[in-house]
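Here is what each chain is made of, one letter per residue.
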Amino acid sequence: MHHLGVVHRTVARADRAAVEALSAFGVATVHEAMGRLGLMRPYIRPVYEGARLCGTAVTVLLQPGDNWMLHVAAEQVREGDIVVAGCTTESEDGFFGELLATSLRARGAGGLVIDGGCRDVDDLRRMDFPVFSRAVSAKGTVKATLGSVNVPVVVANALVAPGDVIVADTDGVVVVPAARAAEVAEAAARREAAEEGKRQRFRDGELGLDMYAMRGPLADLGLTYVD
Ligand SMILES: O=C([O-])CC(=O)C(=O)O
Ligand SMILES: [Mg+2]
């Protein structure tokens, strides 16, 4: 089967309870909890301050300067999905704006991640429809070439399969494979608990040098203090 011109209607979405659990954590915690994997490149940024999202991926493979497949994807969206769009070739055009956001929201989508451009940012902020993109661009797009929906897509260096969990906040975007969602949520909770312990010790004035037993290894390497 060709990779372009295909729409998969059946998606194995990550377990809802696991998605809900992951939504409580920040991107850095989720990334660490899954073994420092799954991060998109940091050029993908929220289009307005404070945007955040968590949900299951409906994936889109776009052609440069063409947003046709976003409309095709809208029909495949279910409550709690995030539309995640990669592009066959780098493109910063404004594929997405408030009209498409209105459509996606009506279908139950919780946001968009796009390795392309986005426009109508003031409206998106007012709507509080979270979008993470590589660019903001007023340049319009056409509807002329086929891409695909719900195929595995590489988005900003991260492989996204339909149904994977996407978590995005001010720190970036992380992809959790659907099969790992519950396990990663548990690891994230353990990590947060451990960090709370460390936070209290730092607050009390303890130094990382002592907390992490770093003095010995630093001396072994010959770190020298000079008065
Ligand atoms: O219409 C478009 O092509 C993109 C856009 O600005 C919108 O969705 O509002
Ligand atoms: Mg518009």
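If you're wondering where the values come from, they're calculated on a predicted model, not measured in any experiment.

Conventions used here
Residues numbered from 1 in each chain as written. Chains lettered and ligands numbered in written order. Predicted model: local features only at pLDDT ≥ 70, side-chain atom pairs only at ≥ 80, totals over all residues. Heavy atoms only, no water. Buried < 20%, exposed > 50% of the residue type's maximum accessible area, 1.4 Å probe, protein only. Helix = DSSP H or I, 4+ residues; strand = E, 2+ residues; numbered from the N terminus. Arc of directions from axis to C-beta. Contact = heavy atoms within 4.5 Å. Near = heavy atom within 4 Å. Polar contact = N/O pair within 3.5 Å; in protein donor to acceptor, adjacent residues only side chain to side chain. Areas by Shrake-Rupley, 256 points an atom, 1.4 Å probe, with all protein chains shown as cover. Nonpolar A, V, L, I, M, F, W, Y, C, P; charged D, E, K, R; others polar. UniProt positions renumbered as here; feature names shortened; annotations may be inferred.

> Explain helix α4 (residues 98–107) to me, and be specific about the residues and the numbers.
Those residues of α4 that sit buried are L100, A101 and L104. Projected down its long axis, α4 carries its buried residues within an arc of 100°, all on one side. Residues of α4 that are exposed and point over 90 degrees away from its buried face: L99 and A106. Of the surrounding secondary structure, the elements contacted by the buried residues of α4 are α3 (68–74), β3 (81–87), β4 (94–96) and α5 (121–127). Phi for G108, located one or two positions after α4, is positive at around 105°.

> Tell me what's going on with the site of ligand 1, and back it up with residues and numbers.
In the vicinity of ligand 1, the contacting residues are N67, G97, E98, L99, L100, R119 and D120. Contact between ligand 1 and D120: an oxygen atom at 3.0 Å from a side-chain N or O atom of the residue. Protein chains bury 86% of the 260 Å² of accessible surface belonging to ligand 1 in isolation. For the shell around ligand 1, the class distribution of residues is two nonpolar, two polar and three charged.

> Please give an account of the UniProt feature "binding site: Mg(2+)" (unreviewed entry) in the chain that cites residues and values.
In this numbering, the UniProt entry assigns the feature "binding site: Mg(2+)" (unreviewed entry) to D120. Looking at where D120 falls in the secondary structure, it is placed in the loop between β5 (112–118) and α5. Residue D120 is classed as partly exposed on the basis of its relative accessible area, which comes to 31%. Once residues within four sequence positions are removed from consideration, D120 is found in contact with G97 and E98. Separated by 2.9 Å, the side chain of D120 and the backbone nitrogen of E98 make a polar contact.

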